[in-house]
Amino acid sequence: MHPLHEYVAKLLAEKVKSHKVVVWYDSRAEFTSFVTELRGSPRIGAVAPIPLNGNNVYLAEYAGSMFELRFAVEPHVSGDSPEPVIIYLPGCIRDRDGSVLIELEKAGTTWTPQLAQLARTLLLKRHTLGAVDSMVSDDRKLRYEDFARIAVDEGTGNLSVLKGIFAKSHGDDAILAEWLADDSRDDQIIDKAAAPELIALVRSWLGLELPDEAAPPGKLRRITLRYVLAGEFRSDLNCAPPPTLDAVPVPPTPEALWAVRKLAKLLRSTHPEAYPALADNAERELGLAEASLPASALGAIDTFRFEEHIIVRHCGDLVADCRFAEALSLLSQRENSYWLDVDVARKAQWEATRRMAELGQVAAQVGAELETANGDVGGWFERYTSTDGWYRLDQAQRRLEAWMTKLDDAQERPLSVVRRAYEDTCRLMAERFAKALAASGWTVPPALHQTRIFSEVVSAQPKPVAYFLVDAMRYEMGLELAKRLPDTSEISVRPAVGALPSITPIGMAALQPGAAASFSLADKGGQLGVRIDGVFLPDRAARERFAKARIPNLADLALNELLSLSGSKLKQRIEGAQVVIVRSQEIDHAGEGGFAFHARQIMDTVIDNLARGIRRLANVGVQHAVVTADHGHLFFASDRDASMRIDAPGGDTVDLHRRCWVGRGGANPPGTVRVAASTLGYASDLDLVFPAGVGVFKAGGDLAFHHGGPSLQELVIPVVTVRTMASSAAPSPTSKVVVGGVPDAVTNRIFTITLALGGAQLQLLTEGVVVRPMLVADGQQVGAVGMVVGAEFDVASQRVRLEPEQECSVAFRLIDDDAKSLRIVVQDPATDAELYRSPSDIPVRLGVS
């Protein structure tokens, strides 16, 4: 038999196999010749057995009476196991409501095939749509015999020329996508005279009439590509299209528009390397970048690169206009733009704009709450430290400023607006809190005071215990640290009030043993310090001697030393110690050293390295840890201007910092507040003078990063207590991750990889897996995740949720520019087990592309 008969018989046999009874309505009597072929002999009686694809079935044919047909079929279908029966009704239209055969239809199924549709489907297996259209166009009024002959003639001939040229492309849309994206087959199209078939395919599939077939394939490609991309862009536009599109035809039918949109999407998904250049060329030829299109008119599809630029600029304008919620909503809607995956620099711009909007939104919320805050200092403390407290303002600012260190061309107007909003909110908070603090006698009941941390928290921990002393760590950073520790850890975070003035010699001394019973500000030989149990502690060397004399079996090491030692050497270093003091001065050294820009870079790194240090100690037997700080800090993106620089009080100056003066006598400059050391509970005749807001004294030190004053940011410190079990050695095979796009070298501070779940047991996973990616060098973290596209991402905990059979893009932010090489590491945050580590060091060559 011929191919058409075999194809129809196959479809019919499948129906019979699935349903036993098939009621076949052939309203135009198109298949009578097929049924004759199937029967193989003249019709005898209403029902006759026939072979169908190797099986015996019964064929019943309508001859004028539905009742007669039903009566003839009934013996074959009335039993518990009906026989296979085909009921063929030529020239009959199905009556869905009152059919005589309705019981048979319900017992089996109905079939209403269209001859031309089946024939086209058969021919499309060997030919393109354009070629098939030319064979079986509607105006030819072909019958079954005609289609059968065409199937025989074309079946014995060669395959479609285009399908031979594009042998690896399956489907007409795939052929068109391959042709549009790659001109390497143009010579074959010319040599094999395939242009007519290509033109016919474009006409049939897309509805576009191309010029004469003598035109070179390159010209046909440019015309088609403009038509496809302009068609998609125009269909997604919410306003009149720009005049430059007038010369590009509009898809003539809904079906053609559907094909255009499908093809444009296919180009992006299957030819991601070629699409940007194709779209950029079309954008230039059509002059779209110069068109004055409002952001509100652009739809959800980013056909062209300029659309993404308009949207992010519009989001920046919304931020500058203080419409933060609108900006965040639009950024969220468009964060999966194709162009953000193509260009990591653009992805970084979007993330910067999002962080601007988040800071602006929090500043507005906190500012509104400050307007109604009462004078009770305990209430101020509670509002700053509560679960949804004002600390979020500082957290959002730190995240923005850390991100901005890696960008060269951020939108200046929205950035300046949110920075000003942050400064204004901090100033108002500082001024009002200072008044409340003074009114309360400079105490914050019932908050934990810094001098009691060792006696009430550290001493109460099971031994051995690690005691992390972090210079300049704000309260919000302690909360973020807690989120980056393993889920198996027992963690608590409580706020404490630091000692005044909030400078390192005072704050670090307040964390010493014995400070709860005897602690006083003192000066000796013109040097400011603290006296505990009669011992004067002016500097770190004195504090280390003091701690060693009062804490039996003490080990003392710096954070970078803890991270760089091997496991065996670390264990040897702390062997027998009951208390392990770990010092971190990275933040304060960078800030006070005039490197505030560097301080912004390293803050996230310090948090992650503290978490790594806690885990390293747990692995060598020190499972308990307390993390706290000497003071917090104020940080602004730019130096304090002249109007915020205050003259020093003068008099007998013992110590002068940007945010505090300590001495005797002198005057109170405008915008300052004076408090006697005795009022603070110190046995001292010294006075302290602080700027009442966020101003600074004209003194040495950085003009953007400072501390020493009584603001909440400087005074409130975290007390993080942790119990961490040693990490498990091996990850679960179901949690293995697959990392793609690992660069040969890191040449940009922001770079992207892909993450997906993998492993032999991937099919067993029914829900997502949470991972924590990071950049590591010499045992220390040198970079973190900045943003993620295609997966849930929590910035605070740095956790990414990977779903089965779903790939996401992860944008890393290199923080330590001094790193010579690094490795990409992916951890299980619950156990710290490594799920992936890049097999070799990746060199860092910033500025080299």
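Per chain, residue numbering runs from 1 following the sequence as it is written. Residues qualify for local features only when their pLDDT is at least 70, as the model is predicted, and side-chain atom pairs are given and counted only at 80 or more; totals for whole chains, interfaces and linings, by contrast, use all residues. Think of the side-chain values as coming from all heavy atoms in the structure, minus any hydrogens and water.

(A) Highlighting the overall build of the protein. Regarding its fold elements, the protein presents 30 helices and 33 strands. Using C-alpha atoms as the atom set, the radius of gyration is obtained and then compared with a globule rule of 2.2 Å times the number of residues to the power 0.38. For 849 residues, the compact-globule formula gives about 29 Å, and the C-alpha radius of gyration of the protein, at 38 Å, lies well above that figure. Taking the principal axes of the C-alpha coordinates as reference, the protein spans close to 125 × 65 × 55 Å. Residue contacts are counted whenever heavy atoms from the two residues lie within 4.5 Å of one another. Put simply, 72% of the contacts in the protein that link residues at least 6 apart link residues at least 24 apart. Areas reported here follow the Shrake-Rupley algorithm with a probe of radius 1.4 Å; residue values treat only the protein chains shown as occluding. When the accessible surface of the protein is split by element, carbon and sulfur atoms take 49% of a total near 35,400 Å². Here Asp and Glu are counted as negative and Lys and Arg as positive; His is not counted, and neither are the chain ends. Throughout, a charge is located at the NZ atom of Lys, the CZ atom of Arg, the CG atom of Asp or the CD atom of Glu. One way to put it: in the protein the 91 positive side-chain charges average out to a point 4 Å from where the 109 negative ones average out. Under the DSSP-based scheme used, a helix requires at least four consecutive residues in state H or I and a strand at least two consecutive residues in state E, with every element numbered from the N terminus.

(B) Here's a closer look at the pattern of salt bridges. By definition here, a salt bridge exists when the distance from a side-chain nitrogen of Lys or Arg to a carboxyl oxygen of Asp or Glu is within 4 Å. For the coordinates displayed, the defined rule picks out 49 salt bridges. Here Arg305 makes a salt bridge to Asp280, at a shortest N to O gap of 2.8 Å. Highlighted residues: Arg305 in helix H15 (residues 305–320) and Asp280 in helix H14 (residues 275–286), separated in sequence by 25 residues. Each residue is assigned to one of three classes by its accessible area relative to the maximum for its type, calculated with a 1.4 Å probe on protein chains only: buried under 20%, partly exposed between the two thresholds, exposed over 50%. For Asp280, a relative accessible area of 16% corresponds to the buried category. By sharing partners, the salt bridges in this structure join Arg398, Arg399, Arg474, Glu476, Glu480, Arg484 and Asp608 into a single network.

(C) Fine view of unusual backbone geometry. In this chain, Lys463 is followed by Pro464 through a cis amide linkage whose omega measures 0°. Along the chain, the position of Pro464 falls in the loop between helix H22 (453–458) and strand S7 (465–470). Cis geometry marks the peptide bond from Leu500 to Pro501; its omega dihedral reads -5°. Summarising the element assignment, Pro501 is placed in the loop between strand S8 (490–497) and helix H24 (504–510). A positive phi angle, close to 50°, is found at Ala29, a residue other than glycine. Structurally, Ala29 can be placed in the loop between strand S1 (21–26) and helix H2 (32–39). A positive phi angle, close to 50°, is found at Asn53, a residue other than glycine. Along the polypeptide, Asn53 turns up in the loop between strand S2 (47–52) and strand S3 (55–61). The exposure class of Asn53 is partly exposed, given its relative accessible area of 47%.

(D) Representation of the confidence of the model for the protein in the model. Confidence in the prediction of the protein, expressed as mean pLDDT, is 90, and 95% of residues score 70 or more. Known as pLDDT, the predictor's confidence for each residue is given on a scale from 0 to 100. Low pLDDT, under 50, characterises residues 729–734; the predicted model gives this stretch 10 contacts beyond four residues in sequence or across chains.

(E) Main features of the state of the cysteines. Any cysteine sulfur atom paired with another within 2.5 Å is treated as part of a disulfide. As enumerated under the stated definition, the model contains zero disulfides in all. Free cysteine Cys239: the closest other cysteine sulfur is in Cys315, separated by 17 Å.

(F) Highlighting helix H3 (residues 66–77). A rise of 1.5 Å per residue sets the reference length of H3, with its 12 residues, at 16 Å; its end C-alpha atoms lie 16 Å apart and thus fit the reference within 8%. Among the residues of H3, those classed as buried are Leu69, Val73, His76 and Val77. The arc that holds every buried residue of H3, seen down its axis, measures 75°, which confines them to one face. For H3, the exposed residues set more than 90 degrees away from the buried face come down to Phe67, Phe71 and Pro75. Multiply 1.5 Å by the residue count of a helix minus one, and that product is the helix's expected span. Working definition: the arc comes from the directions between the helix axis and the C-beta atoms, pointing outward to the latter.

(G) View of the environment of Pro254. Note on placement: Pro254 falls in helix H13 (residues 254–270). A residue is classified by how much of its surface remains accessible, and Pro254, at 65% relative accessible area, is exposed. Sequence spacing of Pro254 and Gly526 is 272 residues, and the spatial spacing of their C-alpha atoms is 86 Å.

(H) A look at the side chain of Arg658. Mapped onto the fold, Arg658 is located in the loop between strand S17 (652–657) and strand S18 (660–664). Owing to a relative accessible area of 11%, Arg658 belongs among the buried residues under this scheme. Whenever a nitrogen or oxygen atom comes within 3.5 Å of another N or O atom, the pair is scored as a polar contact, on the condition that within protein one atom can donate a hydrogen and the other can accept it, and that pairs from neighbouring residues in sequence are kept only if both atoms are in side chains. Only 2.8 Å separates the side chain of Arg658 from the backbone oxygen of Ala699, close enough to count as a polar contact.

(I) Geometry of the pairing of strand S30 (residues 808–814). With respect to burial, S30 is a largely interior element, seven of its seven residues being buried. Bridge count between strand S25 (residues 750–757) and S30: six bridges; the pairing is antiparallel. Paired with Thr754 across the two strands is Ser809, which belongs to S30. For two strands to be treated as a pair, DSSP must find no fewer than two bridges joining them. In this sheet, S30 lies alongside strand S27 (residues 780–789) in antiparallel orientation, the contact comprising six bridges. In the sheet register, Met787 faces S30, and the bridge partner there is Ala811.

(J) How the structure looks around the nonpolar core. Core analysis: the largest hydrophobic core is formed by 81 residues, its most contacted members being Met356, Trp380, Trp390, Leu393, Met429, Phe519 and Leu521. Examining the composition of this core, we find that 10 residues originate from one element, helix H21 (residues 412–439), more than from any other. Apart from residues no more than four positions distant in its own chain, Trp380 is found in contact with Leu370, Ala373, Asn374, Gly375, Trp390, Met429, Arg432, Phe433, Ala436 and Leu712. Take the buried Ala, Val, Leu, Ile, Met, Phe, Trp, Tyr and Cys residues and link them wherever side-chain atoms come within 4.5 Å; each set so joined is a nonpolar core. One finds Leu198, Tyr227, Phe233 and Val248 within the second-largest nonpolar core, a separate group that totals 58 residues.

(K) Main features of the sheet that holds strand S4 (residues 85–90). In spatial order, the strands read S2-S3-S4-S1-S5; together these five strands make up an open sheet with mixed pairing. At either end of the open sheet lies a strand with only one pairing partner, and these are S2 and strand S5 (109–111). Across the sheet, the mean angle separating the axes of adjacent strands is 30° when strand polarity is ignored. As paired strands, S1 and S5 are joined by three bridges and run parallel to one another. Lines fitted to C-alpha atoms define the axes, with helix axes restricted to the stretch in contact, and inter-axis angles between N-to-C directions lie between 0 and 180 degrees.

(L) Structural view of the sheet that holds strand S19 (residues 672–676). The strand order across the open sheet built from four strands is S17-S18-S20-S19, with neighbouring strands paired in antiparallel fashion. Both outer strands of the open sheet, S17 and S19, are each paired with one neighbouring strand and no more. Across the sheet, the axes of successive neighbouring strands diverge by a mean angle of 20°, strand direction being ignored. Looking at chain direction, S19 and strand S20 (residues 687–691) are connected through five bridges and run antiparallel. Bridging from a neighbouring strand, Val673 pairs with Phe690 of S20.

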